[in-house]
Amino acid sequence: MRTERNILIAFILNLSFSVFEFLGGVFTGSTAIISDAVHDLGDAASIGISYFLERKSKRKPDEKYTYGYARYSVIGGFITTLILLIGSILIIYNAIIKIITPTEINYNGMIIFAVIGVLINFCAAFFTRKGNSLNQKSVNLHMLEDVLGWAVVLAGSVVMRFTDFTLIDPIMSIGIALFILINAIRNLKEIFDLFLEKTPDNISVADIKECVKEVSGVLDIHHIHIWSMDGQNNFATMHIVTDSDPHKIKETVRKKLRDYGICHITVEIETTEEHCCEKNCHLEITPHYKHCHNHANHYH
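Anyway, here's the lowdown on the structure attached to this text.

Cut-off values and rules
- Per chain, residue numbering runs from 1 following the sequence as it is written.
- Reporting in this predicted model follows two pLDDT cut-offs: at least 70 for local features of residues, and 80 or more for side-chain atom pairs to be given and counted; totals over whole chains, interfaces and linings ignore these cut-offs and use all residues.
- Side-chain calculation: all heavy atoms of the structure are included, whereas hydrogens and water are not.
- Criterion for a salt bridge: a side-chain nitrogen of Lys or Arg within 4 Å of a carboxyl oxygen of Asp or Glu.
- Helix numbering and strand numbering both begin at the N terminus, where a helix is a DSSP run of H or I of at least 4 residues and a strand a DSSP run of E of at least 2.
- Buried means the residue's accessible area, taken with a 1.4 Å probe over protein chains only, is under 20% of the maximum for its type, while exposed means over 50%, and partly exposed covers the values in between.
- Should DSSP find at least two bridges between two strands, the strands are taken to pair.
- Structural elements are reduced to axes, namely lines fitted to C-alpha atoms, with helices fitted over the stretch in contact, and the angle between N-to-C directions of any two is expressed from 0 to 180 degrees.
- Here the aromatic set is Phe, Tyr and Trp, taking the six-membered ring for Trp, and pairing holds for ring centres within 6.5 Å; pairs whose planes are under 30 degrees apart are stacked, those over 60 apart are edge-to-face, and all others are tilted.
- Each ring is checked for a lysine NZ or an arginine CZ that lies within 6 Å of its centre and within 35 degrees of its normal; such an atom marks a charge sitting over the ring.
- We call two residues in contact when some of their heavy atoms are within 4.5 Å.
- Crossovers are marked right-handed if the path from the first strand over the helix to the second runs clockwise, as seen with the strands pointing away from the viewer.
- Any residue with relative accessible area above 30% and no salt bridge may belong to a patch, with like charges joined within 9 Å and the nonpolar Val, Leu, Ile, Met, Phe, Trp and Tyr side chains within 5 Å.
- Only the protein chains shown count as cover for residues, with accessible areas throughout obtained via the Shrake-Rupley method and a probe of 1.4 Å.

Let's talk about the pattern of salt bridges
Inspection of the entire model under this criterion finds four salt bridges. Across the salt bridge formed by Asp193 and Lys189, the nearest N and O atoms sit 3.0 Å from each other. With Asp193 and Lys189 both in helix α6 (residues 168-195) and four residues apart, the pair spans about one turn of that helix. Judged by its relative accessible area of 16%, Asp193 is buried. Note on Lys189: relative accessible area 47%, which makes it partly exposed. The salt bridge partner of Lys198 is Asp201, with a shortest N-O separation of 3.3 Å. You can call Asp201 exposed: its relative accessible area is 65%. Each of the salt bridges in this network shares a partner with another, and the network as a whole consists of Lys189, Asp193, Lys198 and Asp201.

This is the structure:
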């Protein structure tokens, strides 16, 4: 409950301040403030989604979602990332127009908004600084990122106040937008990797095979699949050939693979006398199935 409350507080602070920023950006004529408003709005959406998913993710697997509800967070991340991508592109476009046709900027107002921005985002970062929830840790990173972003805007507005060099504002907005854009593209790639069920980057299939083969009694391992539901909870399935006690083999393998961050492990035990028609995984399921069926009839 404490984690949910902290995320909710951060959401309210971010959403309120993003609206305040839009008004401030229009009032001061600063595209840098408007660009950060878009960023904060994306963060607010992300935090809002995180809040609801924090509650939904606690639901246990059922007949409709046999693996649970963890991937809802991935969908939320996809939506938020798209918002940030579109917003960043629009910000860069508007900043380029500002460079071509400079407009007057209210430096004093910009400094005031920047100071408030640092304080508000610092408070949000303070509220989300503790907690074991992965959602809360992600939200906290966003808040710290916003504190740094507003510190840059504050420094730039002070420089403009004394130099009257207005091009600093659109240049800063492009810099902030590019930073957001690069990170959004990186997040989008991770999301696509999850949906495509790619092997997690921090896990090597070769290492897993070697680890399992080290278990006493394991003669061979094949048909291995490793994927992640949400970037944190990793799953694995595999066939193990052994003539030893299957129960002991399975328990030992599960214990060793948990050290690799694999929390859900399905093991099929085979003996040396069995023929596995799935030793090499094929995409052509129907022809493969017929081949196995014919092979089984041959043995009968």
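After presenting the structure, the write-up continues.
Observations concerning the sheet that holds strand β3 (residues 262-270)
Read across the sheet, three strands follow the order β1-β2-β3 without closing on themselves; strand pairing throughout is mixed. Among the strands making up the open sheet, the edge pair consists of β1 (218-228) and β3. Along the sheet, successive strands turn relative to each other by an average axial angle of 20°, direction set aside. With eight bridges connecting them, β1 and strand β2 (residues 234-242) associate as antiparallel partners. In the strand pairing of β2, Val218 is matched with Thr242.

With respect to the pairing of β3
In this structure, β2 lies alongside β3, joined through eight bridges in parallel fashion. Residue pairing in the sheet places Ile240 in a bridge with Ile269 of β3.

Side note on the packing of aromatic side chains
Taken as a whole, this structure holds six aromatic pairs when the rule is applied. Ring centres of Phe78 and Phe192 lie 6.2 Å apart, and the angle between their planes is 55°; this geometry places the pair in the tilted category. With Phe78 in helix α3 (residues 72-100) and Phe192 in helix α6, this residue pair connects regions lying 114 residues apart in the sequence. Overall, Phe78 belongs to the partly exposed group, its relative accessible area being 27%. Among the aromatic side chains, those forming a connected cluster through ring pairs are Tyr67, Trp227 and Phe235. When the ring centre of Phe162 is taken as reference, the NZ or CZ atom of Arg161 above it lies at 5.9 Å.

Quick notes on the environment of Glu268
Topologically, Glu268 is positioned in strand β3. For the pair Glu268 and Pro246, spaced 22 residues apart in sequence, the C-alpha separation works out to 9.3 Å. Those residues in contact with Glu268 that sit more than four places away from it in its chain are Met238, His239 and Ile240.

Describing unusual backbone geometry
A positive phi angle is found at Glu197, which is not glycine, with a value near 55°. Overall, Glu197 belongs to the partly exposed group, its relative accessible area being 45%. The backbone phi angle of His223 is positive, close to 50°, even though this residue is not glycine. With a relative accessible area of 16%, His223 lands in the buried category.

A short note on the pairing of β2
Summarising burial for β2: eight of the nine residues are buried, a large majority. Hairpin connection, β1 to β2: the antiparallel pair is bridged by five residues, and Gly231 has positive phi, about 90°. Read as a crossover between parallel neighbours, the route from β2 over helix α8 (residues 246-258) to β3 is right-handed.

Some details on the side chain of Ser18
Considering the arrangement of structural elements, one finds Ser18 in helix α1 (residues 2-28). Of the residues examined, Ser18 reaches a relative accessible area of 1% and is grouped as buried. Sequence-distant contacts of Ser18, defined by excluding residues within four places in its chain, comprise Ala37, Asp40 and Leu41.

Quick notes on a nonpolar patch on the surface
A surface patch of nonpolar side chains, about 330 Å² in accessible area, is lined by Ile75, Ile79, Ile83 and Phe195. At three residues, α3 tops the list of elements feeding residues into the nonpolar patch. Mapped onto the elements of the fold, Ile83 is located in helix α3. By relative accessible area, Ile83 is classed as partly exposed at 36%.

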